[in-house]
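# Observations on the three-dimensional arrangement
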Amino acid sequence: MIESPDRTPLPRDFFDRPVLEVAPDLLGRTLVRMTDDGPIELRLTEVEAYAGEADPGSHAYRGRTARNAVMFGPPGHAYVYFTYGMWHCLNLVCGPEGTASGVLLRAGEIRTGHDLARHRRASARHDRELAMGPARLATALDVDRTLDGTDACDGPESPLSVLTGTPVPPGQVRSGPRTGVGGDGAVHPWRFWIDSDPTVSPYRAHTPRKRRT
C-alpha cells in the first residue's frame, strides 16, 4: 500500500472555492472509496470543471431538477449521475451553496484495492486502464446513484473522501477542452490533467447525435 504524505481528508473549505481553483488542485490527491469488501484508493490524474448555471456544458445550466439537486447544495458532496442507460459518473460539488458548480472525476491511478477494482473492471487489459475515463473510474470504485449526496468531508467513516496528500506542482498540470462537450461549452479549456500520466483518458471531441429519420 502506497501511503499519501498526509492522510487527512480535505475539509469543506477546500471545496468552497471557485470550481476553476478546485479542479486543478484535486490532481494528485487520493480519492478513498470505502466498500463493503475493503478500501479502494485512487490518485486523481484527470478532472473537468463545470460551472453550474453559467456553463452550457453543465447539468445545472437550465436550473435545478430532481436529478441535479445535489449540485445546488453544500460543497464537498458527491453528485453521481447515470448516463447512456449504462454508466455512472462521479463529481464533487464545489463553490458556495446554490452555485451548482462541480468537478467531474475523469481518471486516476489505482493505488490500493487493485483486486477489488480488477474484479469490477475485468475487461481492463492493464492496470493503467482500470480507471481511465469517468465511467471506468466509477465502475472500478463501485460508485452508483446510492452514493449521490454523500458528504466527502464527513471524515474517515464516509464511503467517499479525498485525502490532503500532495497536490501536483502547477508546472505539471495541463488544460484543454472538455471531452465530448459541444456547443458554447466546447470553448472552455476546463479539462485538467497531469502531464504525460499514462492513466489519463484520450481526448474526444463532441460528436453530434444523428437524428432518426
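Provided above is the structure to which this section pertains.
We now turn to the structure provided with this report. Please read all numbers here as calculations on a predicted model, not as lab measurements.

About the criteria used
Residues numbered from 1 in each chain as written. Predicted model: local features only at pLDDT ≥ 70, side-chain atom pairs only at ≥ 80, totals over all residues. Heavy atoms only, no water. Helix = DSSP H or I, 4+ residues; strand = E, 2+ residues; numbered from the N terminus. Rg over C-alpha atoms; globule rule 2.2 N^0.38 Å. Buried < 20%, exposed > 50% of the residue type's maximum accessible area, 1.4 Å probe, protein only. Contact = heavy atoms within 4.5 Å. Lys, Arg positive; Asp, Glu negative; His and termini not counted. Charge placed at Lys NZ, Arg CZ, Asp CG, Glu CD. Phe/Tyr/Trp six-rings, centres within 6.5 Å; stacked < 30°, edge-to-face > 60°. Lys NZ or Arg CZ within 6 Å of the ring centre and 35° of its normal. Core = buried A, V, L, I, M, F, W, Y, C linked by side-chain atoms within 4.5 Å. Salt bridge = Lys/Arg side-chain N within 4 Å of Asp/Glu carboxyl O. Polar contact = N/O pair within 3.5 Å; in protein donor to acceptor, adjacent residues only side chain to side chain.

Moving on to the overall build of the protein. Helices and strands together make up the secondary structure of the protein, namely four helices and eight strands. Against the 2.2 N^0.38 benchmark of 17 Å for 213 residues, the protein shows a C-alpha radius of gyration of 16 Å, consistent with a compact globule. For the protein, the proportion of its 213 residues judged to be buried stands at 53%. Partitioning the intrachain contacts of the protein with sequence separation of at least 6 by distance along the chain shows that 63% fall at a separation of at least 24. Taking the average location of the 26 positive side-chain charges in the protein and that of its 27 negative ones, the two points are 10 Å from each other.

Inspection of every chain in the model, using the stated rule, returns two aromatic pairs. Relative to phenylalanine 15, the ring of phenylalanine 14 lies with its centre 5.1 Å away and its plane at 80 degrees, an arrangement referred to as edge-to-face. The pair phenylalanine 14 / phenylalanine 15 is uniform in exposure class, with both members buried. Ring plane angle 40 degrees and centroid distance 5.6 Å describe the contact between tyrosine 79 and tyrosine 81, whose orientation is recorded as tilted. On the accessibility criterion, tyrosine 79 (2% relative accessible area) is buried. A residue is classified by how much of its surface remains accessible, and tyrosine 81, at 12% relative accessible area, is buried. Here the basic side chain of arginine 17 rests over the ring of phenylalanine 14, its NZ or CZ set 4.6 Å away from the ring centre. Lying across the ring of tryptophan 193, arginine 191 places its NZ or CZ 4.3 Å from the centre.

As for its position among the elements, proline 74 is in the loop between strand S2 (38-51) and strand S3 (78-83). Take proline 74: its relative accessible area is 31%, and that puts it in the partly exposed class. Each residue touching proline 74, except ones within four places of it in the same chain, is listed here: Val93 and Glu97.

Time to look at the nonpolar core. Counting residues in each nonpolar core, the largest one holds 42 residues, and the members touching the most others are Phe15, Leu26, Leu31, Leu90, Val103, Leu105 and Leu141. The element contributing the most residues to this core is S2, with six residues. Leave out the neighbours within four places in its chain, and leucine 141 touches Leu31, Arg33, Thr35, Ile40, Leu42 and Ile110. By size, the runner-up hydrophobic cluster in this structure holds twelve residues, among which are Tyr81, Ala100, Leu104 and Val181.

The subject of this paragraph is the pattern of salt bridges. Scanning the entire structure with this criterion turns up 18 salt bridges. Salt-bridge contacts for glutamate 46 lead to arginine 106; the nearest nitrogen and oxygen are separated by 3.0 Å. Taken together, the residues span a long stretch of sequence, with glutamate 46 in strand S2 and arginine 106 in strand S5 (residues 101-112) at a distance of 60 residues. In terms of burial, glutamate 46 and arginine 106 fall into one category: buried. Linking aspartate 115 and arginine 118 is a salt bridge whose minimum nitrogen-to-oxygen distance equals 3.0 Å. Pair noted here: aspartate 115 and arginine 118 are both in helix H3 (residues 114-120), with a separation of three residues, about one helical turn. Each member of the salt-bridge network shares a partner with another, and the members are Arg17, Glu21, Asp25 and Arg29.

Take the environment of serine 161 next. Structurally, the position occupied by serine 161 is in strand S6 (residues 160-163). Relative accessible area serves as the criterion here: at 4%, serine 161 is assigned to the buried category. Sequence-wise, serine 161 and serine 175 are 14 residues apart; in three dimensions their C-alpha atoms are separated by 24 Å.

The next point concerns the side chain of glutamate 46. Take glutamate 46: its relative accessible area is 0%, and that puts it in the buried class. Here serine 201 takes part through its side chain, which lies 2.8 Å from a polar atom of the side chain of glutamate 46. Those residues in contact with glutamate 46 that sit more than four places away from it in its chain are Leu27, Leu104, Leu105, Arg106, Ala107, Arg191, Phe192, Trp193, Val200 and Ser201.

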